[in-house]
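Reading the structure
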Amino acid sequence: MPATFPEPLRPSGLQMRIHPFHELSAEVLYAALKLRQDVFMLEQDCLYPELDGLDPGCLHVVGSDPSEAQGAGPVVAAYARIVPPGLKFEDVSIGRIVVDAAVRHRRYGRDLVAYCLEACRERYPDAPVRIEAQAHLREFYARLGFVETSPRFLLDGILHVNMVWTS
């Protein structure tokens, strides 16, 4: 059965690009890591090893908003990483899904995840896509086609749940 994606697949306001780690410019890498730190560590008040050693083996999905880039807005408005099968899990996974607080009202999270799912389907057509979702976001991910596969568990001080999307 073909996968269904939330519309739009190519969001009009967010320009997305996928980069292998070695192709990230210093400016984009810095902005992505700063966004991850600002949200996952500072906003969520969670101290954990955010730089976990997996980034060099991942594909990095970077979303920029041209309307924000002209002003003082974020260089990286949205970010996620695609972790290939075997690097963290047996399945391909999407992680570090994050949207800058200044642009969350634009539904970029939904667009970012849909874009990542499309990229996973293109690169790993038969592989399920796994996420470790923060428990309070499980309904958001369920609306995008993810199914819970575990009870809630504590990860880095925040309740999470394993979820899988199959194409």
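Above this text sits the structure in question.
Residues numbered from 1 in each chain as written. Predicted model: local features only at pLDDT ≥ 70, side-chain atom pairs only at ≥ 80, totals over all residues. Heavy atoms only, no water.

Core analysis: the largest hydrophobic core is formed by 32 residues, its most contacted members being Ile94 and Phe146. Looking at this core, the elements that each hand over two or more residues are strand 1 (15-20), strand 2 (59-64), strand 3 (78-83), strand 4 (92-99), helix 3 (108-123), strand 5 (129-134) and strand 8 (158-165). Of the residues forming this core, the biggest block, eight residues, is contributed by helix 3. Setting aside anything within four residues of it in sequence, one finds Phe146 in contact with Val113, Leu117, Val129, Ile131, Tyr141, Met163, Val164 and Trp165. (Core = buried A, V, L, I, M, F, W, Y, C linked by side-chain atoms within 4.5 Å. Buried < 20%, exposed > 50% of the residue type's maximum accessible area, 1.4 Å probe, protein only. Helix = DSSP H or I, 4+ residues; strand = E, 2+ residues; numbered from the N terminus. Contact = heavy atoms within 4.5 Å.)

As a further point, take the pairing of strand 3. In terms of residue burial, strand 3 counts as a mostly covered element, since six of its six residues are buried. Neither face of strand 3 is exposed, since Ala78, Ala80 and Ile82 on one face and Tyr79, Arg81 and Val83 on the opposite face are all buried. Pairing analysis gives five bridges linking strand 2 to strand 3, with the strands arranged antiparallel. In the sheet register, Gly63 faces strand 3, and the bridge partner there is Ala78. Sheet analysis places strand 3 next to strand 4, joined by five bridges and oriented antiparallel. Note that in strand 4 the partner of Arg81 across the bridge is Gly95. (Pairing = 2+ DSSP bridges.)

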